[in-house]
Amino acid sequence: MVRRVPLSKPFINQEVRQAVLDVLDSGRFILGPQCSEFELELAGCAGRKHAVLSSSWTAAVYLLHLAMNLRAGDEIIVPSHTAFPSIEPMMHCGARPAFVDIDDTYCLDPELVEAAITPRTVGILPVHLYGHPADLDPIMAIAQRRNLWVLEDCAQAHSALYKGRPVGSIGMAAAFSFYPSKNLTVLGDGGCIVTDDDRLAERIRMLRDHGRRSKYTHEVAGFNLRFNEIQAAAGRVGLRHLEELNARRRGVAARYRERLAGIVGLPGEREWAAPVYHMFVVRTPWRDDLAKFLKERGVETGIHYPLPNHLQPAVTSRFNRLPTLPRTEQAAGEILSIPIHGQIEPDEVDYVCDTIIEYFKRH
Ligand SMILES: *Cc1c(COP(=O)(O)O)cnc(C)c1O
């Protein structure tokens, strides 16, 4: 029997529908009370003073980089193995991504950070990839010693814990995405910055809304990269369900580990981590063939990511002296993301496992 199992699914229920309808009746559509409340709740979740919403992670981080005065020639240490948007905002500021390799959790390997620092390095951008926290303590220690800032990319890790502390609570600032595949969704694009820095938060708020703090006074030239009430209302409902959806993801990951051990490579998980499994990524040298086999049987898969950022044309055409990153490059050819989301059913998970097991029996 062929079924259809999607890779991911945004959270929509009756409460979300009702929240949207209530906004339609409110007559307020942009940066109103839903946005303010959503910001307070997001700041609370990340243990931060401020959360500032914007139209995507990419937009929010671009505004943050402008607010931080990131300059042409600055260098930022970042894993290559991440979504391309992780490095887009810095590239728009003329900064250079200094790519480093990953460890077996697919996150920035802290052992490799020190060697990537040059006199032009200004910051480190660790990514909590697939919902597993990057090892922040050694990264923060290096940053303090070398006077660098740390920006956490939390796009895939809403509510994950690093040694008991929520991701996003540790660096100078952190950025979240609410894109429809992420653990927290808003019926479209969305993102936010969290920070304790009053000045940064204030500047990002100004820049996202035409450079103003009051209606008719524009202190600087800004942008229109605001957030809206309908999506904030949907996000607030999602946030109330986030822990239960993440718990479901953890249960799915445990089931995958149990059934697929010894059949495919499984992702590393540290004892200090409470990951939220944005993706469940398995590994095999027969990746493309396995993906085809699964597709024919209705199982959607993904590759996050097939071409590492240090090999992307946008990067190779612009920067020279790019590094070779053996672990990243090998992973790119072997990784496969299999279905996981907050509403996936146990029989769907078992169907995915049965199909993978069947593939390896035949080959
Ligand atoms: C999705 C994602 C982004 C970009 O988020 P957008 O909201 O789509 O701009 C950045 N970094 C990582 C790791 C992501 O997964």
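Look above for the structure.
First, a word on scope: everything that follows refers to the structure included in this document. Counting restarts for each chain: residues are numbered from 1 in the order of the written sequence. Predicted model: local features are reported for residues with pLDDT of at least 70 only, side-chain atom pairs are reported and counted for 80 or more only, and whole-chain, interface and lining totals are derived from all residues. For the side-chain quantities, the full set of heavy atoms in the structure was used; hydrogens and water were omitted.

Strand order in this open sheet of three strands is 7-6-12, and the pairing throughout is antiparallel. Looking along the sheet, the strands with just one partner apiece sit at the ends: strand 7 (165–166) and strand 12 (273–274). DSSP bridges decide pairing: two strands pair if at least two such bridges lie between them. The helix count covers DSSP runs of H or I at least four residues long, the strand count covers runs of E at least two residues long, and both are numbered beginning at the N terminus. Of the strand pairs in this sheet, strand 6 (residues 161–162) and strand 7 are connected by two bridges, and their pairing is antiparallel. Note on strand 7: the bridge partner recorded for leucine 161 is proline 166.

Below, the discussion takes up the nonpolar core. Nine residue types can take part in a nonpolar core, namely buried Ala, Val, Leu, Ile, Met, Phe, Trp, Tyr and Cys, and a core is a set of them joined through side-chain atoms within 4.5 Å. Relative accessibility thresholds used throughout: buried, under 20% of the residue-type maximum; exposed, over 50%; partly exposed, between the two (1.4 Å probe, protein chains only). If you look at the biggest cluster of nonpolar residues, it comprises 46 residues, and the most contacted ones within it are Leu64, Met90, Tyr106 and Ile193. Among the secondary structure elements, those contributing two or more residues to this core are helix 3 (57–67), strand 2 (75–79), helix 4 (88–92), strand 5 (149–153), strand 8 (173–177) and helix 7 (198–208). Take this core: its biggest share by element is seven residues, from helix 3. Residue ranges assigned to the domains are those given by an automatic or database domain assignment. Residues lining this core come from more than one domain, with at least three contributed by each of domain 1 (14–235) and domain 2 (241–362). With near-sequence residues (within four places) excluded, leucine 64 lies in contact with Leu151, Ala173, Ile193, Leu200 and Ile204. In this structure, Val5, Ala253, Val282 and Leu294 belong to the second largest nonpolar core, which totals 25 residues. Contacts: residue pairs with any heavy atoms within 4.5 Å of one another.

Attention now moves to the site of the ligand. A cutoff of 4 Å decides nearness: a residue is near a molecule or strand if any of its heavy atoms lies inside that distance of it. What surrounds the ligand is a group of 15 residues, the closest being Thr58, Asp153, Gln156, Ser177 and Lys182. Think of a polar contact as two N or O atoms within 3.5 Å of one another; within protein, one of them needs to be a possible hydrogen donor and the other a possible acceptor, and neighboring residues in sequence only count if both atoms come from side chains. With respect to the ligand, the side chain of glutamine 156 contributes an N or O atom lying 2.8 Å from an oxygen atom. Computed on the free molecule, the ligand has an accessible area of 380 Å², of which 92% lies beneath the protein chains in the complex. Grouping the amino acids of the shell around the ligand by side-chain chemistry returns six nonpolar, seven polar and two charged. Accessibility throughout is a Shrake-Rupley quantity obtained with a 1.4 Å probe, and a residue counts as covered only by protein chains that appear here. Amino acids outside the nonpolar list (Ala, Val, Leu, Ile, Met, Phe, Trp, Tyr, Cys, Pro) and the charged list (Asp, Glu, Lys, Arg) are all regarded as polar, and Gly is one of them.

With that settled, consider the packing of helix 3 against helix 7. Lines fitted to the C-alpha atoms define the axes, with helices restricted to the stretch that makes contact. Angles between their N-to-C directions range from 0 to 180 degrees. One can describe the packing of helix 3 onto helix 7 by two numbers: an axis separation of 9 Å at closest approach and a directional angle of 120°. With respect to their mutual orientation, helix 3 and helix 7 come out oblique. Here helix 3 runs over helix 7; the crossing is right-handed. Note on element contacts: helix 7 touches helix 3 through Arg199, Leu200, Arg203, Ile204, Leu207 and Arg208, opposite Leu63, Leu64, Leu66 and Ala67. Small angles under 35 degrees read as roughly parallel and large ones over 145 as roughly antiparallel, with 65 to 115 read as roughly perpendicular and the rest as oblique. Left-handed describes a crossing in which the near helix is turned anticlockwise from the far one by less than a right angle; the clockwise case is right-handed.

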